[in-house]
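What follows is the residue order along each chain.
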Protein chains: 2
Amino acid sequence: MRILLSKRAIRTLTPRFQRLWSTHSSFSTSGSGGFSDDSKPESWKTMEGLLRSPANFSPLSPITFLERSAKAYRDRTSVVFGSVEHTWLQTYQRCLRLASALTHLGISPGDVVAVLAPNVPAMHELHFAVPMAGLILCPLNTRLDTSTLSVLLQHSEAKILFVDHHLLEVAHGALAKSDRTRKTPKLVLISQSSSFHSNHSFDYDYEDLVKSGDSEFEVIKPRNEWDPISINYTSGTTSRPKGVVWSHRGAYLNSLATVFLHQMPVSPVYLWTVPMFHCNGWCLIWGVAAQGGTNICLRKVSPKLIFKSIATHKVTHMGGAPTVLNMIVSSPVRERRPLPHRVEIMTGGSPPMPQILAKMEELGFNVSHLYGLTETYGPGTHCVWKPEWDSLSLEERAKLKSRQGVQHLGLEGLEVKDPVTMETVPSDGVTMGEVMFRGNTVMSGYFKDLEATRKAFEGGWFHSGDLAVKHPDGYIEVKDRLKDVIISGGENISTVEVERVLCSHKAVFEAAVVARPDNHWGQTPCGFVKLKEGFDCVKPEEIIEFCRDHLPHYMAPKTIVFGDLPKTSTGKVQKYLLRKRADEM
Amino acid sequence: MRILLSKRAIRTLTPRFQRLWSTHSSFSTSGSGGFSDDSKPESWKTMEGLLRSPANFSPLSPITFLERSAKAYRDRTSVVFGSVEHTWLQTYQRCLRLASALTHLGISPGDVVAVLAPNVPAMHELHFAVPMAGLILCPLNTRLDTSTLSVLLQHSEAKILFVDHHLLEVAHGALAKSDRTRKTPKLVLISQSSSFHSNHSFDYDYEDLVKSGDSEFEVIKPRNEWDPISINYTSGTTSRPKGVVWSHRGAYLNSLATVFLHQMPVSPVYLWTVPMFHCNGWCLIWGVAAQGGTNICLRKVSPKLIFKSIATHKVTHMGGAPTVLNMIVSSPVRERRPLPHRVEIMTGGSPPMPQILAKMEELGFNVSHLYGLTETYGPGTHCVWKPEWDSLSLEERAKLKSRQGVQHLGLEGLEVKDPVTMETVPSDGVTMGEVMFRGNTVMSGYFKDLEATRKAFEGGWFHSGDLAVKHPDGYIEVKDRLKDVIISGGENISTVEVERVLCSHKAVFEAAVVARPDNHWGQTPCGFVKLKEGFDCVKPEEIIEFCRDHLPHYMAPKTIVFGDLPKTSTGKVQKYLLRKRADEM
């Protein structure tokens, strides 16, 4: 494999650039600066007779999806959660009441409201009610430990924290660790029954707030569409919190682009197997509202519940990291139910493996592959399927499906570039470069970290930190995280390629490869492998031998370690922990 | 029927208002003014760390649809016209070349380029190539007479006129009538064969221009998304030309909203029975590009060609005024072909009649009803179908389908209001008011007519000039044009309702009702009726009697005139001509 990247580019994650952006572009250091670009040539003519007025301008915001669905789909079901069921008109009125109540809690427009909850209806409603009160939503990962939560609550300066009753203890744990000189957020309890009792205190009850609000509340629209709508802390693993700020404009555009990407018709039935706290549910909390769909909420995800929900509610669309797919295909047959029709399932996070794809198709799912980062509002690219691929073998199809593909409708540009020269790599399928995005569905920046924002936008493109090649048809394929790539004896090794070979071994359930320091080679690949049940007798040497049969020798792992893989709450393997273990071996 | 409108409101089309728009809204008298609203309370917080950069901002423009489709759908068919067939990559490259060539014709960004052509591939390409060169497209109605064309060419100040070879003579006729002191536009000939000969001169040949251009041309993006992308002259009937200006932003948003409204999946096959010059093909030239669809072009529309195209190209979507539907259901059986699948057909302009709906459904079409004006970028509302309506009788369904429904995704507001008080009418299905729109898919204004623009936007809403009621479910139903409504003996009569009764008579092919001056009543309804073949012996008295049986007496026409109805090129009845005839009777 030819590598275009210089080692300096790979080693220094944050190369500096001389070049700024191209001409014809505006720039401001504020998040709500001017809109027009006065640097354009004066030869441009101006038309007479035109007028900017509320009649022909309103800030783009996903709030308008809810407002419209309350009219266009007023009596259709918006949310189902156990025995709870609402229509779009009801959801709208509940959100208006909640927004109204929020404005009476002593906070101001532009303040941050955090939420710590699983995929329950309140979590859905907060995605509308909070911005409808001119506030900014900060959805927190429900699996975070109290220390990290404490850091994020302080960093976000959240004034209010909505907490699911199951997580009230965790929330209190986090608040106890907070800096005592600072005001802690007020707690609003989300509970399913009014008879909830706890030893832990809270300031307000969610349903009481909803009841106390005014359903005639006049929505506080953003001052302009660049106003922040949410902060999402990345599942990143560094100690420096990265609060990715999204705008109303970007959320509107990415929601529509994501609906297009999912090919959602009017009134889809969406099963929430993606955590809503994860990139605001891949923008689909807003997207499903745009199409007047039904949100099937689940407190916890299990194969049994997935199959039951699909059968009961005639689910049309769902999504999830490959772990969710893995969970489905590995489920005991007794927990399965026949699908009422083909179910569209979007996967992202990492490409789906051929074996899993095959089994998913057998079960009646159609798997599509999307790719993006929190910084790109979740979904940013899509492996748009080509009709001519239908007739290929399963293996061929899986290989093609694992490509990250092309940008969705909301983006202006997607390229694979050398991060130092900013030159686009040739479309040869072998030259690696860094995946870069540009367009309205790229974040406004990292909250309180202008330096990190500047670095991320160097050269006028968002630097993803992912390494990819570009195929002759223009589709990109991610090969590795920039920081994960292994350099062994001067050769660059894509850990994703080694993992793919490892996973094709019949005994391997899942695998992750990281660099292990080596006096001679600099680094060598080290494979962490979880074996399938009943394959405990397999030896590391067998696996290494298998890799050497299917890869250039320098790419085959020198070390194989068996055991469970540490993962983030969104199902991503925590390679930094594995690297630490490899370092210590 | 209760009428909320004061007679003053009805008689004076342009009431003045004291009130301006609500707070929280920006306003500027220029088309490219500031974006943020500094009048918002200062209590709004500003977030640190954010940055506006080319990485996270680009002006919204439908040009990006073509750029993306050249990647995502590069080898799929973009356009079919007889034996001509292009892929999306080819269309993109041809548009780049054409845009490049345009910049060498001595014109500047912001100049207007007019086009007079039927639905041929060049017409399609110009919708991209012209804005890609920083220019503004002015598509002209191909059925206009030379005098009107001459007025519009002068009013638009077009620097170039693209002309289809069949219309070269008309174009020369128009130019001959132009003010000789002004520079006339350069002519570019669109011809299908290189061997075209004419007695009429032209400056450039379309295909030569495409060949001469540079396919590596760097697209001239709009300075900001408020820059005009096109001027559409309304099919209005007054002597004062109304050049409706659309922006890149509005075109982007309305194209997406229209694709949603059509429920177009990826790669639709769209048959061009809507004239492309009409509201830029209802925004679908851009919309079909967004989904990588195939455009089936037709020089002329006939039932035979429609059925043949559907069968040959497996058309999935099409559109047209009710005249197109009428043409289809009235076609001789020998010209029909079985449909390969259900074909979605959108109709607009006036609501479809039950009889025609029934026949269309029998033939295998699914008819949907949209509504809008040139000022709302074409489609603005949609009668979103409710599942519970499926089981109703045909007549009931037709009645419901004839409602204009609810706003599409691109609009912020749709209301029926008293144009004087600006109060919203009750949702009772009987109180009439004026249909008003607000949102990003409302025009930038009337070119060179700030006074008309101001009037149209009075009160912060766009005044459509259409009278409607609002039903209890929030769906609107247009009853008449404000200027068409008849006031007889102090009662307001909806001509649409009278026409519906006329059309339900077995002998009537089509009908239009206008006011006829009357010394006693002020005005009385006068019906113009075209009879079906074989019903020549029907007497006017019979028709009047029929109306008196089905309507309140004051609403029944006092006069019935048989004959053809004068129509605009888009199939709308020219009521001003009928009013003139009624005046002279």
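Summarised in this report is the structure supplied together with it. (Residues numbered from 1 in each chain as written. Chains lettered and ligands numbered in written order. Predicted model: local features only at pLDDT ≥ 70, side-chain atom pairs only at ≥ 80, totals over all residues. Heavy atoms only, no water.)

1. Some details on the environment of H155(A)
Residues and elements named next belong to chain A.
Here comes step 1: Tracing the backbone through its elements, the reader meets H155 in helix α5 (residues 146-156).
Here comes step 2: Once the C-alpha coordinates of H155 and F447 are considered, the two residues, 292 residues apart in sequence, prove to be 8.7 Å apart.
Here comes step 3: With residues up to four places along the chain from it excluded, the contact list for H155 reads Y233, P241, F447 and K448. (Helix = DSSP H or I, 4+ residues; strand = E, 2+ residues; numbered from the N terminus. Contact = heavy atoms within 4.5 Å.)

2. Quick notes on the sheet that holds strand β1 (residues 77-81) of chain B
Here comes step 1: Across the sheet, which stays open at both edges, the 9 strands sit in the order β2-β1-β11-β10-β12-β13-β14-β15-β16 (chain B) with mixed pairing between neighbours. Looking at which strands have only one partner, the edges of the open sheet turn out to be β2 (84-87) and β16 (406-407) of chain B. (Pairing = 2+ DSSP bridges.)

3. Overview of a positive patch on the surface
All names here are of chain A.
Here comes step 1: A cluster of basic side chains, namely K304, K308, R334 and R337, defines a positive patch on the protein surface.
Here comes step 2: Tracing the backbone through its elements, the reader meets R337 in the loop between α12 (322-329) and β13 (343-347).
Here comes step 3: Overall, the relative accessible area of 38% leaves R337 in the partly exposed class. (Patch = residues over 30% accessible without salt bridge, like charges linked within 9 Å, V, L, I, M, F, W, Y side chains within 5 Å. Areas by Shrake-Rupley, 256 points an atom, 1.4 Å probe, with all protein chains shown as cover. Salt bridge = Lys/Arg side-chain N within 4 Å of Asp/Glu carboxyl O. Lys, Arg positive; Asp, Glu negative; His and termini not counted. Charge placed at Lys NZ, Arg CZ, Asp CG, Glu CD. Buried < 20%, exposed > 50% of the residue type's maximum accessible area, 1.4 Å probe, protein only.)

4. Topic: the relation of the copies chain A and chain B
Here comes step 1: Once turned by 180° and shifted 0.0 Å along the axis, chain A lies on chain B with an RMSD of 0.1 Å. Accordingly, the operation relating the two chain copies is best matched by a two-fold axis.
Here comes step 2: An overlap of 100% is found between the interface residues of chain A and their copies at the interface of chain B, pointing to a shared contact surface. (Least-squares fit on C-alpha atoms with pLDDT ≥ 70 in both.)

5. Here's the deal with unusual backbone geometry
What you tend to see is this: most non-glycine residues have negative phi, and most peptide bonds are trans.
Here comes step 1: Here the phi dihedral of Y377(A) falls at roughly 60°; this positive angle occurs in a residue that is not glycine.
Here comes step 2: Position of Y377(A) relative to the elements: it lies in the loop between β14 (365-373) and β15 (378-382).
Here comes step 3: We classify Y377(A) as buried; its relative accessible area is 0%.
Here comes step 4: For C283(B), which is not glycine, the phi dihedral falls at a positive 70°.
Here comes step 5: Take C283(B): it is sitting in the loop between α9 (279-282) and α10 (284-290).

6. Some points on the nonpolar core
Here comes step 1: M132(A), F162(A), M132(B) and F162(B) are the most contacted members of the largest nonpolar core, which has 198 residues in total.
Here comes step 2: Each residue touching M132(A), except ones within four places of it in the same chain, is listed here: I63(A), L66(A), Y92(A), C95(A), L96(A), A99(A), F217(A), V219(A) and I220(A). (Core = buried A, V, L, I, M, F, W, Y, C linked by side-chain atoms within 4.5 Å.)

7. Details of the pairing of strand β13 (residues 343-347) of chain B
Residues and elements named next belong to chain B.
Here comes step 1: Summarising burial for β13: 4 of the 5 residues are buried, a large majority.
Here comes step 2: Sheet topology places strand β12 (residues 317-320) next to β13; 4 bridges connect them, and they run parallel. If you follow G320 over to β13, its bridge partner there is T347.
Here comes step 3: A crossover connection joins β12 to the parallel β13 through helix α12 (residues 322-329); in handedness this β-α-β unit is right-handed. (Right-handed = clockwise from strand over helix to strand, strands pointing away.)

8. Describing the packing of aromatic side chains
Here comes step 1: Evaluation of the coordinates by the stated rule reveals 25 aromatic pairs over all chains.
Here comes step 2: Taking the centre distance of 6.5 Å and the plane angle of 70° together, the rings of F307(A) and F365(A) count as edge-to-face. Separated by 58 residues along the polypeptide, F307(A) in helix α11 (residues 303-313) and F365(A) in strand β14 bring together distant segments of the chain.
Here comes step 3: In this structure F307(A) comes out as buried when scored by relative accessible area, which is 1%.
Here comes step 4: Looking at F365(A), the relative accessible area reads 0%, which means it is buried.
Here comes step 5: On the basis of an interplanar angle of 80° and a centroid distance of 6.5 Å, the ring pair of F457(A) and F462(A) is categorised as edge-to-face.
Here comes step 6: On the basis of relative accessibility, which here comes to 3%, the residue F457(A) falls in the buried class.
Here comes step 7: Aromatic rings pair up to connect Y371(A), F437(A), F457(A) and F462(A) into one cluster.
Here comes step 8: The ring centre of W226(A) lies 3.5 Å from the NZ or CZ of R52(B), which sits over that ring. (Phe/Tyr/Trp six-rings, centres within 6.5 Å; stacked < 30°, edge-to-face > 60°. Lys NZ or Arg CZ within 6 Å of the ring centre and 35° of its normal.)

9. Side note on the interface of chain A and chain B
Here comes step 1: Taken together, the contact between chain A and chain B spans 103 residues of the former and 103 residues of the latter.
Here comes step 2: Together, the buried faces of chain A and chain B total about 9,100 Å²; carbon and sulfur atoms form 59% of this surface.
Here comes step 3: Between chain A and chain B we count 4 salt bridges in total.
Here comes step 4: Summed over the shared surface of chain A and chain B, the number is 30 residue pairs in polar contact (both at pLDDT 80 or more). (Buried area = accessible area lost by both parts, 1.4 Å probe. Polar contact = N/O pair within 3.5 Å; in protein donor to acceptor, adjacent residues only side chain to side chain.)

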